[in-house]
Amino acid sequence: MGRLIAYRLLQLPLILAIIYVLTFLLVWVAPGDPFAGEKNIDPAVVASLKATFHAESPWKFLAYYPIQIIGHLNFGQSMQYREWTVNDIIKSALPISVVLGLFAMVIATVVGIVVGTMAAVRRGGWIDWLSLTIALVGISVPSFVVAALLLMLSASSWLSGVFAVGRFERPIDLLLPGVALAMAPMAYIARLTRVSMLDVLSSDFVRTARAKGLSRSWVIWKHCLKNAILPVLSYLGPAAAYTLTGSFVVEKVFNIPGLGQHFVNSVLNRDRTLILGVVLVYSTFVLAFNLIVDLAYGLVDPRIDVGGAR
Amino acid sequence: MESPIRHSGIRRRLIGLFLALPPILFAPLCSSCDRRPDPAGAAVFRFINRGDIITLDLNQMSYVQDFRVTYAIREGLFSPTGVNFAPEPAGATSVDLSPDKRTYTFHLRPQAKWSNGDPVVAGDYVFSWKLMLDSPGEYTYLLHGIEGAHAYGDALAADEPADFESVGIKATDPHTLQVTLAKPITYFLDLIAFPPFYPRHEPSMRPFKEGRGYNSRYTRPPAVVTNGPFVLTDWQFKKRLRLDRNPNYWDAGNVKLSAIENVTNDNALSQYLQFEAGAVRYITEVPADVAPELRAQHKVGFSTCTAFGTFFLTLNCRPELPSGQKNPLNDTRVRQALALSIDKSFITENISRLGEPVASTYIPPGTLPGYTSLPGLGYDVKRAKQLLADAGFPEGRGFPKLPVLYNSDNSLRARVAQVLKQQWKQNLGIDFEIEGVEVKTFKERNSTKNYTISTVAWYGDYPDVSTFTDKYLSSSNQNDSDWQNPEYDGLLAQAASEADATKRFDLLRRAENMINMQVPIIPIFHYVNASMIDPSVEGMTINARSLINWKRVAIKN
Amino acid sequence: MNRGLLSPRIIIGGGVLALVLLACLIALPWTLSSASSIYYDGQHGDLVRGVPALNPAGWFGYDTLGRSLLGRCLLGGAISLMIGIAAAAIAVVVGTFVGLIAGYTGGWVDSALMRTVDVMYGLPYILLVILFKIALETPMTDGLERLQHGNWFSSAQAANLIVMFLSIGLVGWLTMARVVRGQVLALRGLPFVEAARALGLPQRRIFMRHILPNLVGPITVYATLTVPSAILQESFLSFLGVGVRLPLPTWGSLASDGVAALSPVKFYWWMLLFPCLLLMAALLGLNFLGDGLRDVLDPKKDAGKL
């Protein structure tokens, strides 16, 4: 276990460095000037701005920012929002996305596992059909449609006063954006659970347990689920990283000042410092969650030797 | 065989932790997004500004939402707060103009104070204007009419010795500011009322000094010191800005609101829902997707006003297209034919739907007192066909397939481009292609003239004809059509040195008409600002330049 | 096996999908002909935002430019499905190739390839797709223009579609590569492959005879499931305004127009309902088909390897 953690932690900076360089290359070849304003700007003004941001050339950029990031964890100033550093933006936006994302992941995991298990147990029955169809409908419509409809719903006259539209005042205001965000992982978890549950249900130990006289639901919920949950667990890693860093659509529709919108807006604004900042945050999340999942795997299923080569 | 899993206790604990997390985490989250309770009876004016605040740094500022906040927290020698938003004395009490109309002597208001209690002195203006030149921004060019300013800026940019003594900005004593212009500028007081000419408080900015300029963070509370009717007390990125009444403001007795909150929300639907729910009292610009419906339903609070801006097509007038082909638009007749064959009223009636006046001229009519444009080109398909045939493309034969560029974040322009394609096909027999690109690429393509026809807009910065006409000077870097006409340049040069307002307008009228008739641009319609104002709000007059006199705004009980 | 292939999931999913696909394809001659009343770009000034009517062109109503929404939905479906299939094809080809090489070769090649996949998984794909699309579209247009120099087709339109396939396919192949590699590793250890090797059969033959046929199942399943996610990604790009070029419709861009027309004051329901219904039918069909195929072709698949 210790060896795994050490190995992964050593790998982390290397992977992050590669990601940084790759993103930087794309950022630099993309057309469009980060400093272009509403009207054409005098070249002298652009030159002075570029100098301020160490962006006269890719070399100057690479000579300045990576050292700042490594040395001081300082991602520099945002090129679009001149008053704010990338660190400011991440600090203000990430906690919001994390809270919303955690909430969504809880919904997705609980509902997904229950639906998937029920579907597997009643394979081919109406529960199987109905539950999976409902789960799939959520991911068969673009998320911007689902989110917009939920927003309309929250503002409708039957629900007047329940939700504060367009802002957050009480925990209940998290509900609809959370549901919108949970749709995709929920459907995925339901399908994963169903498939692996079908596998487990057909295995020997289930028959043994039943033969020992244990009740059906006890066997299903207690024994089978423990095993069927493994694939779900490995999906939860990347899914959590993805969900916790926020979703552009949900944040835009529900007016949530989270990190998700920056994944799109920073690119559209060519806010180079911010793009690289959010990419590194995201990648760190992904790598960290993968590590956590691998460790959790070891806790849930001691047969798996997490220390060994993958 | 028993289940192979023995660590279920750990799993249970993990799940428990998972479930407990959201409530635990919501507490800190909510403290940052919750609305602050207001003192009893105090009126907080919440409004939704257009988009995010990009910057409040006077040097960098160029977006209307940023100016809107700046008008509440800062004040210049003059403010656009008079009748019809004409400049009236604010930081100054009076001004003397020399007989040659080149030297302005401003007498500062002795009781004017910064929000920290320091007096506002002439040196604060000199400091701020010098900073505009030292660390140039989008609007630095407005200062170039001041004697020596342009040369000073150029010298700095070239790293040559520059002497600010040679610039015509002098504080003759703490309460007198003397400004000498290179040439008379009839609208100079309008410029003075524009934020790039506002003073700044040097001592509070000192910690932010960086090179020749200052880091924009000097504008963030608690460091920021301003001199307007309100002070910025809280600014949370992408969430809100809180502006409280400035007790040190010289006219504080006449400020009605106790606080203003600028709410961030750039989603059209949710903006309107917030307004309906009473959470905000004012939406500065209702997005194009919702506005026409509100107008059609005569919603209470919905109001429109012709804006100081025009939506038009810019045509690339260079002899060659970006691809190297010969450019048919280089021929004035082709450009005129394209202009004459657009049914603009179809666009305003079916697409934009805010009652926009159809544009045949570049400058929005009725927005500048005393100025009227000469008539431009109308809708005349027969003449268009004739012109096209004269240019060598009878019935559109032989005309290459050219692209019409638009920025894809703007659904209105996307639809206009599709309609144009259809109309030109129908009326002239010419096939166009439409090309949507995202906004930064769009701007780069326009400014580098890497386009053929593009859907663009121009809003005036200050209330004078030249804010429109200067754009098409041969030397202007805003001249995206690359239309070069010595006669036009001559007329503008003549107008620039004409001190008599009527004669000057005559010259400009002729110049504007050259644009309308030679068609480097095809005006489509003049913009209309659509806003939602709650009936409880008083003292808010909507106007072409969407200015607000924050002092006068009040909430009725 | 026969009973399995005819599972209700496959029949219903495949049936719905086939129905939608057929309708879109059969309608192509009409949706693309400017003489037809359901021409995708046939603007009718008097029918702007027209409500659904009884004549065929008006079944789904009209959009903001007075175009028949039926025609646009049908052509949009053809384009959306084409994007989905093309992106899935890219994912299949690249993913299978990488997965095979990694799984079969092993050693440092395997770890190099798999670390690459890890790195790409670590990138925020939405950001990457948009950036990739913006960065590549201009050079691609210029390249095509230089290549053809003439007017065979519109370079900008072609470049737009190619970059769209590439940027969506860009992320799709990762999962495929992992699945294929995992499958190859598993197969290599199975007795019948060991036996073939012990018999001294040539590598090529083992590969073609024993490995490849066993990969068809998982690849088909994943390809079927990649199509809907590619279609959804295109819809997201359309929502951001960097999707397929107008006036060409896709289900995504039609749905996004529908959302824009959604307001509490006046609801142009048909602009949202019909594109979303079709999109939902096709995606549900694809997902059901994929799930059904997985039940049949790939019962023991390692679902954990995502």
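Residues numbered from 1 in each chain as written. Chains lettered and ligands numbered in written order. Predicted model: local features only at pLDDT ≥ 70, side-chain atom pairs only at ≥ 80, totals over all residues. Heavy atoms only, no water.

1. Quick notes on the overall build of chain B
For the record, the criterion: A run of H or I in DSSP becomes a helix once it reaches four residues, and a run of E becomes a strand once it reaches two; helices and strands are each numbered from the N terminus. We compute the radius of gyration over the C-alpha atoms and compare it with the globule rule, which gives 2.2 Å times the number of residues raised to the power 0.38. Only protein chains enter the calculation, and the probe is 1.4 Å; a residue is then buried if its accessible area is under 20% of its type maximum, exposed if over 50%, and partly exposed in between. Throughout, a residue-residue contact means that at least one pair of heavy atoms, one from each residue, lies within 4.5 Å. To be clear on the numbers: accessible area is Shrake-Rupley with a 1.4 Å probe, and residue cover counts the displayed protein chains and nothing else. Only four residue types enter the tally: Lys and Arg on the positive side, Asp and Glu on the negative side, with His and both chain ends excluded. By convention, the point assigned to a charge is CZ for Arg, NZ for Lys, CD for Glu and CG for Asp.
The secondary structure content of chain B amounts to 16 helices and 20 strands. Here the C-alpha radius of gyration of chain B, 27 Å, is about what a compact globule of 557 residues would show, namely 24 Å. Projected onto the principal axes, the alpha-carbon positions of chain B cover approximately 95 × 80 × 50 Å. Going through the 557 residues of chain B one by one, you find that 60% of them count as buried. The long-range fraction of contacts in chain B, counting pairs at least 24 apart against all pairs at least 6 apart in sequence, stands at 68%. If you sum the accessible surface of chain B, you get close to 21,100 Å²; carbon and sulfur atoms cover 52% of it. Computed over 60 positive and 60 negative side-chain charges, the separation of the two mean positions in chain B equals 6 Å.

2. Observations concerning the overall build of chain C
Looking only at helices and strands, one finds 10 helices and zero strands in chain C. Projected onto the principal axes, the alpha-carbon positions of chain C cover approximately 75 × 50 × 40 Å. The 306 residues of chain C split such that 61% are buried. By sequence separation, contacts in chain C at least 24 residues apart represent 70% of the contacts at least 6 residues apart. Here chain C displays about 12,300 Å² of accessible surface, and carbon together with sulfur accounts for 70% of that area. Between the averaged position of the 21 positive side-chain charges in chain C and that of its 15 negative side-chain charges there is a distance of 9 Å.

3. Concerning the pairing of strand 1 (residues 44-48) of chain B
In the case of a regular strand, side chains alternate between the two sheet surfaces. All names here are of chain B. Stated precisely, the cut-off is as follows: Criterion used throughout: strands pair if DSSP finds at least two bridges between them.
Within strand 1, five of the five residues are buried, which leaves the element mostly enclosed by the surrounding structure. Alternating residues of strand 1 divide into Val44, Arg46 and Ile48 and Phe45 and Phe47, and every residue in both groups is buried. The pairing of strand 1 with strand 12 (residues 259-263) spans five bridges and is parallel. Each residue of the ladder has a partner; that of Val44, found in strand 12, is Ala259.

4. A closer look at the sheet that holds strand 4 (residues 92-97) of chain B
Residues and elements named next belong to chain B. Defined as follows: Here, axes are lines fitted to C-alpha atoms. For helices the fit covers the stretch in contact, and angles between N-to-C directions go from 0 to 180 degrees.
Taken in spatial order, the four strands line up as 4-5-7-6 in an open sheet, and their pairing is antiparallel. A single partner strand is all that each edge strand has here, and the edge strands are strand 4 and strand 6 (169-173). Averaged over all pairs of adjacent strands, the angle between strand axes in this sheet comes to 20°, irrespective of strand direction. By the bridge criterion, five bridges tie strand 5 (residues 103-108) to strand 7 (residues 176-180) in an arrangement that is antiparallel. The residue bridging Thr105 from the neighbouring strand is Gln178, located in strand 7. The strands touched by helix 3 (residues 122-134) within the sheet are strand 5, strand 6 and strand 7, with strand 6 carrying the most contacts at an inclination of about 165°.

5. So, the interface of chain B and chain C
Rules: Here's the idea: put two parts together, see how much 1.4 Å probe accessible area each one loses, and the total over both is what we call buried area. Just to be clear on terms, a salt bridge is a Lys or Arg side-chain nitrogen sitting within 4 Å of an Asp or Glu carboxyl oxygen. We call two N or O atoms a polar contact when they sit within 3.5 Å, provided that within protein one can donate a hydrogen and the other can accept it, with sequence-adjacent residues counted only if both atoms are side-chain atoms.
Between chain B and chain C, the contact holds 27 residues from the first and 24 residues from the second. Across the interface of chain B and chain C, roughly 2,200 Å² is buried in total on both sides, 56% from carbon and sulfur atoms. For the pair chain B and chain C, the interface holds one salt bridge. A salt bridge links Arg245 of chain C to Glu435 of chain B; the shortest N-O distance between them is 3.4 Å. For the interface between chain B and chain C, the tally reads seven residue pairs in polar contact (both at pLDDT 80 or more). Put simply, the parts of the chain that give the side of chain B that touches chain C at least two residues each are helix 7 (268-276), helix 8 (291-296), helix 10 (344-352), helix 12 (411-428) and strand 16 (432-437) of chain B. Take the side of chain B that touches chain C: its biggest share by element is six residues, from helix 12 of chain B.

6. So, the interface of chain B and chain A
If you look at the interface, chain B gives 69 residues, while chain A gives 68 residues. Here chain B and chain A share an interface that buries about 6,300 Å² over both sides, 59% of which is from carbon and sulfur atoms. Counting across the chain B and chain A interface gives four salt bridges. The shortest N-O distance in the salt bridge between Arg270 of chain A and Glu438 of chain B comes to 2.7 Å. Seen at the junction of chain B and chain A, the total is 26 residue pairs in polar contact (both at pLDDT 80 or more). With 13 residues, helix 1 (residues 8-33) of chain B is the largest single contributor of residues to the side of chain B that touches chain A.

7. A look at a nonpolar patch on the surface
Formally: Nonpolar side chains (Val, Leu, Ile, Met, Phe, Trp, Tyr) are joined into patches within 5 Å and like charges within 9 Å, using only residues with over 30% relative accessible area and no salt bridge.
On the surface, Val110, Val111, Val114, Met118 and Trp221 of chain A cluster together into a nonpolar patch covering about 370 Å² of accessible area. Owing to a relative accessible area of 38%, Trp221 of chain A belongs among the partly exposed residues under this scheme.

8. Observations regarding unusual backbone geometry
With an omega of 5°, the peptide bond running from Pro221 of chain B to Pro222 of chain B counts as cis. With respect to the helices and strands, the residue Pro222 of chain B is situated in the loop between strand 9 (213-214) and strand 10 (230-236). Residue Leu246 of chain C is joined to Pro247 of chain C through a cis peptide bond whose omega torsion reads 0°. Unlike most non-glycine residues, His298 of chain B shows phi in positive territory, near 50°. You can see His298 of chain B is positioned in the loop between helix 8 and strand 14 (302-315). Accessibility expressed as a relative area gives 69% for His298 of chain B, which makes it exposed.

9. A short note on the environment of Leu81 of chain C
All names here are of chain C. Its place among the elements puts Leu81 in helix 3 (residues 69-105). Classification of Leu81 as buried rests on a relative accessible area of 4%. Separated by 198 residues in sequence, Leu81 and Leu279 have C-alpha atoms that sit 9.6 Å apart. Residue contacts for Leu81: discarding those within four places in its chain leaves Leu21, Ile231 and Trp251.

10. Considerations on the confidence of the model for chain C
Going by this rule: Known as pLDDT, the predictor's per-residue confidence is scaled from 0 to 100.
Of the residues in chain C, 93% have a pLDDT of 70 or more, and the chain-wide mean is 83. At the low end of the mean pLDDT range in chain C sits helix 1 (residues 2-5) of chain C, at 50; at the high end sits helix 9 (residues 251-260) of chain C, at 92.

11. Concerning the pattern of salt bridges
Residues and elements named next belong to chain B. This structure, assessed with the given rule, holds 36 salt bridges over all chains. Across the pair Arg68 and Glu285 runs a salt bridge, and its minimum N-O distance is 3.0 Å. Highlighted residues: Arg68 in helix 2 (residues 64-73) and Glu285 in the loop between strand 13 (282-283) and helix 8, separated in sequence by 217 residues. Assessed through its relative accessible area of 23%, Glu285 is described here as partly exposed.

12. Thoughts on the nonpolar core
Note the cut-off: Here the nonpolar core consists of buried residues drawn from Ala, Val, Leu, Ile, Met, Phe, Trp, Tyr and Cys, with membership extended through side-chain atoms lying within 4.5 Å. Start and end points for every domain follow an automatic or database-based domain assignment.
Phe45, Phe106, Trp129 and Leu177 of chain B are the most contacted members of the largest nonpolar core, which has 230 residues in total. Tallying contributions element by element places helix 4 (residues 86-121) of chain A first for this core, with 17 residues. Two domains share this core, each providing at least three of its residues, namely domain 1 (2-72) and domain 2 (93-300) of chain A. Each residue touching Trp129 of chain B, except ones within four places of it in the same chain, is listed here: Leu77, Leu143, Ile146, Ile169, Leu177, Val179, Ile192, Pro196, Phe197 and Tyr198 of chain B.

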